[in-house]
Amino acid sequence: MDISTDMQHQAMGYDRTATMFSPEGHLLQVEYAEKAVRLGSSSLGIVCSDGVFILADKRIEDSLIVPSSANKIYEIDSHVISSVAGIISDARVLIERAQVLSQQHRLTYDSPIEPELIIKEISNIKQQFSQYGGARPFGVSLMIAGLNKGHPELYSSDVTGNYLSYYATSIGESDEKIREKLRAKYSKELTIKKGIKLGLEIFEEIQGKKFDVKRFELVILKKDKERPERILGEDIQKL
């Protein structure tokens, strides 16, 4: 009886630590962490002509939960926001680190931190947990949106610690399907309102009967405003 490659790797112990490469050059614990990310609820971010926003599915179906206690989008600073997918408790550690880094920068340099410096620092931390023994990788992907001297920027960091800048991207469940639709429909001339409409249409198309705008959270960073604007549920459709 033929044994699958995954079973062979498990038998040989290649998946027992994040620091051991399989014969094919894979870090199996890191790949398992990536699977955990894809089980998380979806978020998408879009850079628009007048700002940047993140739209996230909070995926809360229990009516006993207080909605405001389960935010999916976090404020790092007055000009930087972040959404996460995967193990939220892992994400909380990284979000708090990003918030401290941002405040340290303001105290040291008396200026707002560049969004790329935040995603770079967080990515470095994630990379370390895939290189040293005695710890497991962070099971979370982060998306960071921000304004850099009035210019909107969007970044995403994966489990391995790699990060890239995007015009539009997605993390979490069905992330590749969402990105395919963004590639087909995204335009640099999109305004925030048109971008939000596009995002909702994509989610509705992918989720089908499960789609419910009440589950969504939206945070907008506009070029001409000093603070992020948070909008929940049905208020998104009114916008």
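Below or above, wherever it landed, is the structure these notes cover. Throughout this document, residue positions are counted from 1 along each chain, in the order its sequence is written. Residues qualify for local features only when their pLDDT is at least 70, as the model is predicted, and side-chain atom pairs are given and counted only at 80 or more; totals for whole chains, interfaces and linings, by contrast, use all residues. Side-chain numbers here rest on the full set of heavy atoms in the structure, without hydrogens or water.

1. Looking at the nonpolar core
Put simply, buried Ala, Val, Leu, Ile, Met, Phe, Trp, Tyr and Cys residues joined by side-chain atoms within 4.5 Å make one nonpolar core. Exposure classes here rest on a 1.4 Å probe applied to the protein chains alone. A residue is buried below 20% of its type maximum, exposed above 50%, and partly exposed in between. With 42 residues, the main nonpolar core has Ile46, Phe53, Leu55, Ile196, Leu218 and Ile236 as its most contacted residues. In terms of residues, this core owes the most to one element, helix 6 (residues 192–207), which gives six residues. One finds Val80, Ile95, Leu101 and Ile122 within the second-largest nonpolar core, a separate group that totals 18 residues. Numbering of helices and strands runs from the N terminus; a helix is a DSSP stretch of H or I covering at least four residues, while a strand is a stretch of E covering at least two.

2. Details of the sheet that holds strand 9 (residues 216–222)
Sheet strands pair by backbone hydrogen bonding; their relative direction is either parallel or antiparallel. Strands are treated as partners if at least two bridges between them are detected by DSSP. With respect to topology, five strands assemble into an open sheet ordered 8-1-2-9-10, the strand pairing being antiparallel. Unpaired on one side and paired on the other, strand 8 (168–171) and strand 10 (229–232) mark the two borders of the sheet. Put simply, the sheet's adjacent strands are angled 15° from each other on average, direction ignored. Examined bridge by bridge, strand 1 (residues 43–48) and strand 2 (residues 51–57) share six bridges and lie antiparallel to one another. Angles shown run from 0 to 180 degrees and are taken between the N-to-C directions of axes, each axis being a line fitted to C-alpha atoms and, for helices, limited to the stretch in contact.

3. Here we look at the packing of aromatic side chains
Working definition: a ring pair exists when centres of Phe, Tyr or Trp rings (six-membered ring for Trp) sit within 6.5 Å. Plane angles under 30 degrees give stacked, over 60 give edge-to-face, the rest tilted. Per the stated rule, a full pass over the model turns up five aromatic pairs. Judged by centre distance (5.5 Å) and plane angle (45°), the ring pair of Phe211 and Phe216 falls under tilted. Both residues of the pair, Phe211 and Phe216, count as buried. An aromatic cluster is defined as three or more aromatic residues linked by ring pairs; in this entry it consists of Phe203, Phe211 and Phe216.

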